[in-house]
Amino acid sequence: MLKPFKNPRTGIYYYRKTIPKSLRDVIGKTEILVSLKTTNIREAMPQFYEEALRADRLITTAREGDCIDTTLDFSNLSNYDFGDRPPEWEIEEEVRETLQDLFDAYSNNSAKSPSSLDAFKHAIKLFCELHGEMNATDITRPMVREYKDALLLVPSSRSGLGDYTLPELVRHSINNKVNIFISPSTVNKNIKGISAVISWAERNGYFDDCPNWSNPASGVRADVNNTKTKRQPFDDNDLSKIFCNRYKQLSGSKYWIPLISLYSGARLEEIGQLLISDIKQKADIWYFDINDSNKKKLKNKSSVRVVPIHQAIIDLGFIDYTSSLDDPRVFALLREDKYGKLTQNWSKWFGRYLPKLGINDDTKVFHSFRHSMKDALRNAGVDEAISDAITGHSSSSVGRSYGQGYSLTILNKAIQSIDYEALNIKVYG
């Protein structure tokens, strides 16, 4: 856990933070070192986070070029005499690349997606909020561990906390006895982002003059509970709540997308990207042609497939609906986000819609339709290989990669076998 330094000679705890070199002339100090005036760690922690917040405000004010707020009491930020300090406390005066400098170089030479780069940038921002800007070679493994422990105290719900820095989020969690935090997997993604940038810099010779240096983020990770509950399918009660009389008041994408996913198992973005030309008919079978043409983005190669349209969707008027559209896209009102994803805002709407129906289980989200559909196929006795072909799941079987796959007739028989007993489809007609 993020914790103060303990003077090995006196046992007194201290808050310590190195001032970024670019701000030392402004602040007039090379480091902030504050006695917490206690040898009891429990007594030290509240004051430790208070000093961390005050130091953060000081550095932010100096970085923005404003006058230092003299109303803040920094009278105790003097350099205390510890006698022989540990070597890692020595201030490195040589100006080298900071973590932010390395990221700027990395992003200019990386094939990573914009969303991944933004995630890495955010991870570095949080790290600098905690430890300040410093030479990348000054980053130590204990610093990364402190970063990990601080992230583990970030609340899962940050409504109203949008402008909080990492130390402020930690303090909020402690003071308000928050007990639901971001997942260890999310914590590890942040650490992985920092590690990736440093590893790239190492491979590109940024640390060649530091022969004993190694990536301090390598191998640091939060323990992930592999038994945690995964996304669950919607049960009959959930489906009754979703597809109630209130549902037929919806229109456009809000009406059709859940129904399509329920009866096809298609992913949200796959449905959102559908073009009118992707709604096809062969003989008497209507089907979705899920493809990656026209710049559409799919999860993987096995996502390219054909999925017959369930008769329930046809009876509700979906073919007539698409025939009446003027735009090439089925759901033309969906707008791309900055990463080119069409359904991000729709997903947020659906996430807010479920609790209004009394579905508050965090393991039940839009993707639960996909799980429900897989269960419906199993209950209908459909072979797992056919189910995988319909839902676009990749298979570990080499044999399945040969041939042209299942015929449209076989796939249609499987799709039409789906029957949701709890879903009274007539209420929508």
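The structure presented is a predicted model; accordingly, all values stated were derived computationally and were not measured.

Colleague: For the overall build of the protein, give the residues involved together with the corresponding values.
Modeller: If you tally the helices and strands in the protein, you get 16 helices and 6 strands. Across the 429 residues in the protein, those meeting the buried criterion constitute 45%. Put simply, 67% of the contacts in the protein that link residues at least 6 apart link residues at least 24 apart. When the accessible surface of the protein is split by element, carbon and sulfur atoms take 47% of a total near 23,300 Å².

Colleague: If you had to explain the sheet that holds strand E4 (residues 279–282) to someone new, which residues and values would you point to?
Modeller: Read from one edge of the open sheet, 3 strands run E4-E5-E6, paired in antiparallel fashion. Edge positions in the open sheet fall to E4 and strand E6 (305–308), since each of these has one partner strand only. Neighbouring strand axes in the sheet, compared pairwise and without regard to direction, differ in orientation by 40° on average. Pairing of E4 with strand E5 (residues 285–290), which is carried by 4 bridges, proceeds in the antiparallel orientation. Within E5, the residue paired with Lys-280 across the bridge is Tyr-287.

Colleague: If you had to explain the nonpolar core to someone new, which residues and values would you point to?
Modeller: Membership of the largest hydrophobic core comes to 58 residues, with the highest contact counts inside it found for Tyr-15, Phe-127, Tyr-147, Leu-166 and Ile-194. Those elements that provide at least two residues to this core are strand E2 (13–18), strand E3 (31–35), helix H2 (41–63), helix H3 (99–108), helix H4 (114–131), helix H5 (141–151), helix H6 (166–175) and helix H7 (184–203). When residues of this core are assigned to their parent elements, the largest contribution, 9 residues, is made by H2. Apart from residues no more than four positions distant in its own chain, Phe-127 is found in contact with Leu-99, Gly-132, Ile-139, Met-143, Val-144, Tyr-147 and Ile-194. Within the second largest apolar cluster, 51 residues are counted, among which are Ile-242, Tyr-247, Leu-262 and Leu-411.

Colleague: If you had to explain unusual backbone geometry to someone new, which residues and values would you point to?
Modeller: Unusually for a residue other than glycine, Lys-37 sits at a positive phi of about 55°. Considering the arrangement of structural elements, one finds Lys-37 in the loop between E3 and H2. Non-glycine residue Ala-283 carries a positive phi angle of around 60°. Take Ala-283: it is sitting in the loop between E4 and E5.

Colleague: Please set out a positive patch on the surface residue by residue, giving values where relevant.
Modeller: Where like charges cluster on the molecular surface, the positive patch consists of Arg-246, Lys-254, Lys-348, Arg-352 and Lys-356. For the positive patch, the element with the most residues is helix H13 (residues 344–356), which contributes 3 residues. Of the residues examined, Lys-348 reaches a relative accessible area of 46% and is grouped as partly exposed.

Colleague: Tell me what's going on with the pattern of salt bridges, and back it up with residues and numbers.
Modeller: As a working rule, side chains carrying opposite charge can pair if their charged atoms are close by. Applying the stated criterion across every chain, the model contains 14 salt bridges. With a shortest N-O distance of 2.6 Å, Glu-129 and Lys-125 are connected by a salt bridge. Of the two residues, Glu-129 and Lys-125 are both situated in helix H4; the distance of 4 residues between them amounts to about one turn of the helix. Each of Lys-374, Asp-375, Arg-378, Glu-384 and Asp-388 takes part in salt bridges that share partners, so that together they form one network.

Colleague: Describe empty space enclosed by the protein, naming the residues involved and giving the relevant values.
Modeller: Counted under the stated rule, the structure contains 1 cavity of 30 Å³ or more. Taken as a whole, the largest cavity encloses approximately 30 Å³ of empty space. If you trace the largest cavity, you find it lined by Ile-260, Ser-264, Ala-266, Glu-270, Ile-271, Leu-274, Phe-288 and Ile-290. Sorting the residues of the lining of the largest cavity by element identifies helix H9 (252–264), helix H10 (268–272) and E5 as the ones contributing at least two each. For the lining of the largest cavity, the residue count by class is 6 nonpolar, 1 polar and 1 charged.

Colleague: Report on helix H15 (residues 384–391), specifying residues and quantitative values.
Modeller: Summarising burial for H15: 6 of the 8 residues are buried, a large majority. Of the residues making up H15, those classed as buried are Ala-385, Ile-386, Ser-387, Asp-388, Ile-390 and Thr-391. Taken together, the buried residues of H15 touch H9, E6, helix H14 (368–379) and helix H16 (408–416). Where H15 begins, one side-chain oxygen reaches toward the backbone nitrogen of Ala-385, 2.9 Å away; that side chain belongs to Asp-383.

Reading guide: rules and limits
Residues numbered from 1 in each chain as written. Predicted model: local features only at pLDDT ≥ 70, side-chain atom pairs only at ≥ 80, totals over all residues. Heavy atoms only, no water. Helix = DSSP H or I, 4+ residues; strand = E, 2+ residues; numbered from the N terminus. Buried < 20%, exposed > 50% of the residue type's maximum accessible area, 1.4 Å probe, protein only. Contact = heavy atoms within 4.5 Å. Areas by Shrake-Rupley, 256 points an atom, 1.4 Å probe, with all protein chains shown as cover. Pairing = 2+ DSSP bridges. Axes fitted to C-alpha atoms, helices over the stretch in contact; angles between N-to-C directions. Core = buried A, V, L, I, M, F, W, Y, C linked by side-chain atoms within 4.5 Å. Patch = residues over 30% accessible without salt bridge, like charges linked within 9 Å, V, L, I, M, F, W, Y side chains within 5 Å. Salt bridge = Lys/Arg side-chain N within 4 Å of Asp/Glu carboxyl O. Lys, Arg positive; Asp, Glu negative; His and termini not counted. Charge placed at Lys NZ, Arg CZ, Asp CG, Glu CD. 1 Å grid on protein atoms, 1.4 Å probe; cavity = no way out; pocket = protein on both sides within 12 Å on 5 of 7 lines; lining within 4 Å. Points joined across faces, edges and corners; volume = space filled by probe spheres on them. Nonpolar A, V, L, I, M, F, W, Y, C, P; charged D, E, K, R; others polar. Polar contact = N/O pair within 3.5 Å; in protein donor to acceptor, adjacent residues only side chain to side chain.

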